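Residues per chain are reported as follows:
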Amino acid sequence: MVAQSQPNFEASHSRFEEPVLRDKHSAFVKDLYSLSGNKILVWILDHKNPQELVHGLPYEDFFWLFKKIGEDDCLPLLKLASVDQWEYLLDLEIWKKDRLNVAHTSLWMKRLQQADCKRLARWLLSEGKALAYYYFFKSIQVEKKNEDEDYDLPEGFFRLDGGFQIKAIYPEHQETIENILRMMASEDFDRCQTLLLGIGNFLPAEVEEEMYRLRNVRLAEHGFLPFEEALSIYAPLDPEALAIEKKPELPNILLDDESRAMVPVLPFYHAEVKNMLTDAASRIMDPLFLDRIRLEFAGLCNHILSADGILVDDIEILSKTCRKAAGYLNLALERLCGNSISSARDLLRSHPLVSIFRVGFGLALKLKWETERWLKGSWFYRQGLDVGFWGDQWGETIAGILKKKPRLYIGLKEGEEYKDFESLSEIDECRSLFHRLMVLDKLLERLTECYPIENGFIHSKELTFHPLLFNFWSRCFLKLKPCFSGISLGQAKNLFHQLRARSEKPPFQMPGGEDNFLKNFLAYCSDFEPEAVAMLKDTLSLVWQKFQKEYEGVSISYINGRYSKFFTITTSL
């Protein structure tokens, strides 16, 4: 395990000298991140020059390490961080879209005050002056008294030199605010006094707007864009726009060691699952090219976070965003390059990752549009039924495809119901299911034209397609009147007696049952296209296999209508 060997701090310490050491630094950051948050912090603090080590981390990698360590345990890391790294954290943590979140700001003021109050005070009196004005305007009540007057201090207030009486609007922040203001007064009383006197004439809306503009300028360098602009990442791009022969290699923007030193490592590290994207990246021998990919990938992930409007309050959000970016990049590479890793590498060399991502996302969006077009004209939709009509697995898969941003249903396999698409095979499987449901829906429409269905039955709660098929087929099998009504318990037991023939113990077999099931329904599809008939036959076979699996361990004496999802078993004789 990586945790058994300490990362090579010496290599990271001098990584600006040559490309080989830059590669060592990448390995070092990956090794460091693989540890627990507590061990990361211990190893940084044990380094011979921890401040220089932290200052040398790219902002994105610093943010990842901060999240891995955890906000409540990060004070030593904040003390070592540069003011620019502080500002990067604040830009990401205290804004909700275009509004500054005062509660989050208070939390971060407390952390930074505990980490290094003197440096925070100096920053608030200089580069962070706008934030200081806005925060204290929202957080304190100020009264100015004549210093020569003798007066009692009102409850909840504290005194500051110059006759100032100050009270925190929210009592839980009183200690933090008092510590910060006393330190600011100690560092530069005149500027602190100017701030306190100026709060009364402060125009928060104008200052907030300007702070937001400057924040966007800073974050744009890292791929973060205002929400409305960031949405362009989800504008689909035609695969033909990225034909490899149309463009030469992109120019390299990493022309000096200082620029390369600020290339983040961890975002692309979280994309490293086995697929065409990572295979192509693993064969890149040019360190400048690889650094360009890492830099673009980090920017792409930040672009996605902006477009999704997500507040990053958990390390897993960052990981999921990286997997999402990598998944759609991989989709595009598979679509454009087939199995050719060299072609994938050439595509990465000649096109920005943002464009490749848009091609990949466009493939998922195309599947959604195809599904929506079918849905609007489908029989089941015209009956007022929702996608749950197709059962749990199939219905949830269609529901995922139809989401605003299409997603793949995985049934809690990875701790959640849906995930983003990552490969062409997943798109193809969903398209295949969509085509299965098209022909099955067409069959049900044909059957209901021949044998009209009762409105009460079609709108019954939790109805799926299974009872429609199996009620109809079982009545035909038992030589009853063809319709969609249920069968009695006695008729259901008779059905299984005939289906199982000589099968006397579990798993019970149903010889000839599948052939009868298929033959019965295919008789209504003589005018279907050959491809549709083949698809319907295969789909009905899958449905039958699920039916057989459901009942292969159930004795006839235990069959009842209460737990049957395939039949409607009535209480009548």
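Everything here concerns the structure above.
The structure reproduced in this document is the subject of the present report. This one's a predicted model, so the numbers in the text were calculated from it and none came from an experiment.

For the rest of this paragraph, the subject is the sheet that holds strand 4 (residues 157-160). If you trace the 3 strands from one edge of the open sheet to the other, you get 3-5-4, paired in antiparallel fashion. Only two strands of the sheet have a single neighbouring strand rather than two, namely strand 3 (140-144) and strand 4. The average undirected angle you get between the axes of adjacent strands in this sheet is 25°. Note: strand 4 against strand 5 (residues 164-168), 4 bridges, orientation antiparallel. Bridge pairing in strand 5 places Leu-160 opposite Phe-164. Helix 9 (residues 129-139) contacts strand 3 and strand 5 of the sheet and is inclined by roughly 90° relative to strand 3.

Per the stated rule, a full pass over the model turns up 50 aromatic pairs. For the ring pair Trp-473 and Phe-477, a centre distance of 5.3 Å and an interplane angle of 45° mean the geometry is tilted. Taken together, the residues Trp-473 and Phe-477, both in helix 25 (residues 465-477) and 4 residues apart, mark about one turn of the helix. Considered together, Trp-473 and Phe-477 belong to a single accessibility category, that of buried residues. If you follow Arg-111 out to its NZ or CZ, it ends over the ring of Trp-108, 4.9 Å from the centre. Taking the ring centre of Phe-508 as reference, the NZ or CZ of Arg-500 above it sits at 4.1 Å.

Bringing the environment of Trp-95 into the picture now. The residue Trp-95 is located in strand 1 (residues 95-96) in this model. The residues touching Trp-95, leaving out its near neighbours within four places in the chain, are Leu-90, Leu-100, Glu-208, Met-211, Tyr-212, Arg-215 and Leu-311.

A word on the packing of helix 18 (residues 315-337) against helix 23 (residues 424-450). In contact at an axis separation of 9 Å, helix 18 and helix 23 are set at 85° when each is read in the N-to-C sense. One element, helix 18, and the other, helix 23, form an angle in the roughly perpendicular class. Contacts from Leu-331, Glu-334 and Arg-335 in helix 18 reach Leu-424, Ser-425 and Ile-427 in helix 23. Per-class residue counts for the contact of helix 18 with helix 23 are 3 nonpolar, 1 polar and 2 charged.

The rules behind these values
Residues numbered from 1 in each chain as written. Predicted model: local features only at pLDDT ≥ 70, side-chain atom pairs only at ≥ 80, totals over all residues. Heavy atoms only, no water. Pairing = 2+ DSSP bridges. Helix = DSSP H or I, 4+ residues; strand = E, 2+ residues; numbered from the N terminus. Axes fitted to C-alpha atoms, helices over the stretch in contact; angles between N-to-C directions. Contact = heavy atoms within 4.5 Å. Phe/Tyr/Trp six-rings, centres within 6.5 Å; stacked < 30°, edge-to-face > 60°. Buried < 20%, exposed > 50% of the residue type's maximum accessible area, 1.4 Å probe, protein only. Lys NZ or Arg CZ within 6 Å of the ring centre and 35° of its normal. Parallel < 35°, antiparallel > 145°, perpendicular 65-115°, else oblique. Nonpolar A, V, L, I, M, F, W, Y, C, P; charged D, E, K, R; others polar.

These figures come from the coordinates and say nothing about function on their own.
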